[in-house]
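Now for the letters of each chain:
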Amino acid sequence: MNACRRHENTQDCFVVPGKMALPNQYFAGRVGSRFIISLRDSTKILGVKCPKCKSVYVPPLEYCEKDMTKIDENWVELGNEGVLTNYTVVNYRDAHLPRKAPYILGMIKLDGAEAPFIHIVAGIEPENAAIGMRVKAVFSEKTTNTILDIDHFAPVEG
Amino acid sequence: MTKKKNRNVGIIGIGMTEISSHKENQNQPEMINEAVRAAIADAGITLSDIDCVVHGNMELFEMIHQPDLWHMIGTGALGKPGFRITTGGTTGMTLVAAADNLVASGMYDVVMAIGFNKLQEAGSTTGGITNMADPLWYRHLQTGALTSTSANLSIEEFGEARARKAAMKHRIMMDKHASLNERAHRRFGLEYDQMEDLMKNSPPLIGELRLIHMCSQSDGACVMILASEKKAKKICKKPVWIRDHIAVHREETASNAYFPILSETSQRVAARKLFTRNGIDNPVEYFDVFEMYDPSAWWGIEWLRDFFLLEGDEAIKMVEEGDWDLDGKVPVNPSGGVTASNPISATAMLKPAEVALQMRGDAGRHQLKREVRHGLASGFGGVMWTELMILEKDLNW
Ligand SMILES: [Zn+2]
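Residues numbered from 1 in each chain as written. Chains lettered and ligands numbered in written order. Predicted model: local features only at pLDDT ≥ 70, side-chain atom pairs only at ≥ 80, totals over all residues. Heavy atoms only, no water.

**Q** An account of the coordination of the zinc ion is needed here, citing residue identities and associated values.
**A** Residue and element names in this part refer to chain A. Looking at the zinc ion, the protein donor atoms are C50 (SG), C53 (SG), C64 (SG), D67 (OD) and D67 (OD), and they sit 2.2 to 2.6 Å from it. When the donors of the zinc ion are listed by position in the chain, the intervening gaps give C-x2-C-x10-C-x2-D. One end of the pair, C50, is in the loop between strand 1 (46–49) and strand 2 (56–57); the other, D67, is in the loop between strand 2 and strand 3 (75–77), and 17 residues separate them in sequence. Residue C50 is classed as buried on the basis of its relative accessible area of 0%. Looking at D67, the relative accessible area reads 22%, which means it is partly exposed. (Donors = N, O, S within 2.8 Å, 3.2 Å for Na, K, Ca; no water. Helix = DSSP H or I, 4+ residues; strand = E, 2+ residues; numbered from the N terminus. Buried < 20%, exposed > 50% of the residue type's maximum accessible area, 1.4 Å probe, protein only.)

**Q** Which residues make up the sheet that holds strand 9 (residues 289–291) of chain B, and what values do they have?
**A** Within a sheet, neighbouring strands are paired by backbone hydrogen bonds and run either parallel or antiparallel to one another. All names here are of chain B. In space, the nine strands of this open sheet follow the order 3-2-4-7-1-8-11-10-9, with mixed pairing throughout. The open sheet has two free edges, formed respectively by strand 3 (82–84) and strand 9, since each of these has just one partner strand. The sheet shows a mean angle of 25 degrees between the axes of neighbouring strands, direction not considered. Together, strand 1 (9–16), strand 2 (52–56), strand 4 (110–118) and strand 7 (219–228) form the strand contacts of helix 1 (residues 28–43), whose direction differs from that of strand 1 by roughly 130 degrees. (Pairing = 2+ DSSP bridges. Axes fitted to C-alpha atoms, helices over the stretch in contact; angles between N-to-C directions. Contact = heavy atoms within 4.5 Å.)

**Q** Give a description of helix 5 (residues 91–104) of chain B that names residues and reports values.
**A** Given a rise of 1.5 Å per residue, 14 residues ought to cover 20 Å, and the 19 Å separating the end C-alpha atoms of helix 5 of chain B matches this to within 8%. Extensive coverage of helix 5 of chain B is indicated by the burial of 13 of its 14 residues. (Expected span 1.5 Å × (residues − 1).)

**Q** Residues and numbers for the environment of T143 of chain A, please.
**A** Residue and element names in this part refer to chain A. In this structure, T143 sits in the loop between strand 7 (134–139) and strand 8 (150–155). Residues T143 and L97, spaced 46 residues apart in sequence, show a C-alpha to C-alpha distance of 18 Å. A polar contact of 3.1 Å, which involves the side chain of T143, links it to the backbone nitrogen of N145. A distance of 2.5 Å separates the side chain of T143 from the side chain of D149, its partner in a polar contact. (Polar contact = N/O pair within 3.5 Å; in protein donor to acceptor, adjacent residues only side chain to side chain.)

**Q** Got a sec to walk through the packing of aromatic side chains? Specific residues and values, please.
**A** Each aromatic ring pair is characterised by the separation of its centres together with the angle its planes make. Residues and elements named next belong to chain B. A complete count under the given rule lists 10 aromatic pairs over all chains for this structure. Pairing F290 with F307 gives two aromatic rings, centres 5.2 Å apart and planes at 70 degrees, and the pair type is edge-to-face. With F290 in strand 9 and F307 in helix 13 (residues 297–307), this residue pair connects regions lying 17 residues apart in the sequence. For the residue pair F290 and F307, the accessibility class agrees, reading buried in each case. (Phe/Tyr/Trp six-rings, centres within 6.5 Å; stacked < 30°, edge-to-face > 60°.)

**Q** Please set out the interface of chain B and chain A residue by residue, giving values where relevant.
**A** Contacts between the two partners involve 34 residues from chain B and, on the opposite side, 21 residues from chain A. Taken over both partners, the interface formed by chain B and chain A buries close to 2,200 Å², and the fraction arising from carbon and sulfur atoms is 61%. Interface area lost by chain B to chain A is led by R37, I73 and E121 of chain B, which between them contribute 24%. In this structure, the connection of chain B to chain A is made through zero salt bridges. Taken together, the connections running from chain B to chain A amount to six residue pairs in polar contact (both at pLDDT 80 or more). (Buried area = accessible area lost by both parts, 1.4 Å probe. Salt bridge = Lys/Arg side-chain N within 4 Å of Asp/Glu carboxyl O.)

**Q** Provide a residue-level description of the pattern of salt bridges, including the pertinent values.
**A** Opposite charge on two side chains allows them to pair when their charged atoms are near. Inspection of every chain in the model, using the stated rule, returns 35 salt bridges over all chains. Between R268 of chain B and E311 of chain B there is a salt bridge whose closest N-O contact spans 3.5 Å. With R268 of chain B in helix 11 (residues 266–277) and E311 of chain B in the loop between helix 13 and helix 14 (314–320), this pair connects stretches of sequence that are 43 residues apart. Of the residues examined, R268 of chain B reaches a relative accessible area of 13% and is grouped as buried. Taken together, the shared-partner salt bridges in this structure form one network comprising R30, E62, K70, D72 and E73 of chain A.

Structure below.
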């Protein structure tokens with residue numbers, strides 16, 4: 001059993017404890033802020049559409065990453081519903097996580113978007129989640145001016 | 001005639017954002033994208049012409065891991081080979097050096113280098129640096145980049161009055177240059193008759209290092225596109241050539257065993273080695289411009305001596321006589337230098353970028369009147385890391 005066990009003598013070998021406190025901030029930018037404001041004030045999920053290559057970006061971008069076209073004025077309203085294209089179940093608890101495990105993190109392709117984005121899926125037991133099911137945004141009661149102004153996505157009844 | 005071991009490398013595109021402390025309107029990839037678009041437009045190429053992207057910042061300040069990946073939406077690196085470089089304060093020039101090596105080696109024909117930092121997003125850059133120091137020996141003992149060692153040494157050597165005056169003159173000269181540079185962050189409009197007042201009344205940081213002497217904390221991005229000689233000549237009307245570069249660092253605190261060989265600064269070692277192997281005997285005569293990474297005015301006057309291999313009070317005398325001014329013997333930092341603008345990981349790239357713009361005649365209001373044929377640019381970072389780069393207008397060295 002212990003054939004691979006190493007036998008270094010660790011007596012009197014200090015382990016130096018560390019704890020970093022590095023406050024910082026992030027500038028959401030004008031485009032990102034408008035997206036959040038729309039969630040907060042209108043409960044609408046916005047994307048931007050590139051007039052050149054027709055890509056629809058959510059979260060939105062200032063310039064199309066493919067052809068560098070300025071797209072930040074070309075807002076499109078996406079549906080608050082979409083399809084669960086993939087998901088995983090978070091099975092461990094940690095202070096930094098927004099929910100108690102187990103919970104679902106899903107890839108949701110909103111109606112009108114071309115690629116999915118990530119959010120929490122709730123209102124369903126993990127074992128009942130399924131790729132292809134329709135889900136809809138449930139908005140938070142209290143704003144945090146973050147992506148968590150969408151509280152989660154829940155299955156669409158029927 | 002090939003000057004490098006394999007093939008020559010030219011700068012074909014330069015893009016930079018305005019440097020400021022108020023970029024709340026852009027997130028990180030958006031700010032980077034602004035400089036990327038500017039560089040691509042400057043080169044007159046499209047993203048598809050770029051073979052490889054190197055990206056760098058001090059990620060500790062933006063607190064985002066693997067930023068080269070998160071920033072893909074702004075870098076244009078989608079589907080391209082690339083990697084991240086993070087060498088502290090020198091990151092910006094290490095990126096250029098790496099891009100140069102990648103092209104010179106024959107690995108890629110066109111490489112885009114991206115350097116940026118958004119220091120307004122960092123809670124405390126000094127806190128970050130000190131928190132990450134070696135936990136056993138130095139975390140409790142080191143102070144980051146704020147030091148008055150350089151001031152103390154200058155004062156000891158030249159006397160308090162002369163040293164303080166020289167440092168302040170350098171600082172005001174930088175501000176005068178910055179005032180002409182529309183992209184510079186801090187432009188105070190200082191005048192030389194304010195020297196006495198500033199020496200007395202600028203808030204002291206440590207010893208004789210005062211707030212006015214110290215570099216800014218800025219947001220900004222710089223992008224440079226490098227190409228092989230063949231491609232550069234085809235794409236670009238005015239390519240600027242990267243002749244040679246060198247990196248020297250000294251881990252001062254790493255081991256006392258090294259102490260006996262650390263009698264020279266990394267700046268002087270870098271200059272001596274680089275000039276020797278390029279046959280440059282008199283750098284003051286040779287260079288038409290020097291863009292120096294001067295984190296403080298005190299370091300500025302100290303390092304001018306080292307970079308130009310001067311002795312005694314020669315460099316300080318040149319400060320006093322205005323020899324580093326825009327119309328002096330060797331114009332130093334027409335951009336306004338680092339005391340004006342310091343988006344750290346773009347900072348050291350802004351140095352060769354500024355030299356290249358001066359060579360092309362595209363610097364704008366702070367364009368030097370003389371023809372700029374031979375340029376020098378330096379980067380600086382932790383563990384006294386010095387990068388030094390020679391740039392040439394013509395392929396004839
Ligand atoms: Zn597009």
